[in-house]
Amino acid sequence: MFDIHCHILYDVDDGSESLEESEAMLVEAKKSGIDRIVCTPHCRRNWFNPKRFQSHFKVLSQVAAEHGIDMDLGCEVNWKKLYEIGLDWAPKLTLGDTSLFLLEFSDEELPNNWQNLVFKLQGMGLDIIIAHPERYVPVQRDIDIAYELKEMGCYLQLSANFIEEGRFGVRRRAATAMLKEGLIDYVASDAHCPEDYALYRQALEYAQKF
């Protein structure tokens, strides 16, 4: 199984804090049936450090191989940070050697020019995956936005913690609505620690009902 969104790369963002924690995550990932992981550290705020990403990835991918897991390197790219560093960076931040580009919007609102940004990235030959649309308030309020994203050629990816109730209940309702409509292309772990894989297993079981 292929996990396309995971913060397993150690000491680079708000995910794994150490190589030891990353190895514990590998163990849990393997238990979850995952045999290929794309490391997608945040390209957001002050976490964007490509040289650090590369050096830590080199170490972790060797450890992962010992656990029978193949790894690729990409990024979860926040739209504001992308404008800050320049759109020319986009082709360098794809998932592995593919044309897939993991794009993150802000939870509370979509940028006024979000369609224009998607078109610009597609014009560069990139295939856009929208990270966790279930978190975006505009999508929660109006599923037609999810339809528009699909009509524009985007892929939609749920993050496993949508399965949680309580304060995240609105995310679960949005995710369920999109699953029912057949709008979802990927369910990813978006794991930040070993414990997150329990949520991934629950989320995957839930999504498979649709």
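Here the structure is a predicted model, which means the values were calculated and not measured.

### Here we look at the pattern of salt bridges
Oppositely charged side chains can pair when the atoms bearing their charge come close.
Now for step 1: All told, the structure shown has ten salt bridges when counted by the stated rule.
Now for step 2: Note that E104 is salt-bridged to R44, the shortest N-O span being 3.3 Å. Placement of the pair is E104 in strand β6 (residues 100–104) and R44 in the loop between β3 (42–43) and α2 (50–66), with a sequence separation of 60 residues.
Now for step 3: In this structure E104 comes out as buried when scored by relative accessible area, which is 6%.
Now for step 4: With its nearest N and O atoms 3.0 Å apart, the salt bridge here joins E84 to K81. Here E84 pairs with K81, and both are found in helix α3 (residues 79–85), just three residues apart, close to one helical turn.
Now for step 5: Given the relative accessible area of 60%, E84 is considered exposed.
Now for step 6: The network of salt bridges with shared partners includes E28, K31 and R201.

### Brief notes about the packing of aromatic side chains
Now for step 1: According to the stated counting rule, one finds eight aromatic pairs in the structure shown.
Now for step 2: A centroid spacing of 5.2 Å and a plane angle of 85° characterise the contact between F48 and W89, whose relative ring orientation is edge-to-face. Residue F48 is found in the loop between β3 and α2, and its partner W89 is found in the loop between α3 and β6; the two are separated by 41 residues along the sequence.
Now for step 3: Judged by relative accessible area, which is 28%, W89 ranks as partly exposed.
Now for step 4: Members of the aromatic cluster, connected to one another through ring pairs, are F48, F53 and W89.
Now for step 5: One Lys or Arg, R36, reaches over the ring of F2 and ends 5.8 Å from the middle of that ring.
Now for step 6: The ring of Y206 is capped by R172, whose NZ or CZ atom sits 4.7 Å from the centre of that ring.

Cut-offs and rules
- Residues numbered from 1 in each chain as written.
- Predicted model: local features only at pLDDT ≥ 70, side-chain atom pairs only at ≥ 80, totals over all residues.
- Heavy atoms only, no water.
- Salt bridge = Lys/Arg side-chain N within 4 Å of Asp/Glu carboxyl O.
- Helix = DSSP H or I, 4+ residues; strand = E, 2+ residues; numbered from the N terminus.
- Buried < 20%, exposed > 50% of the residue type's maximum accessible area, 1.4 Å probe, protein only.
- Phe/Tyr/Trp six-rings, centres within 6.5 Å; stacked < 30°, edge-to-face > 60°.
- Lys NZ or Arg CZ within 6 Å of the ring centre and 35° of its normal.

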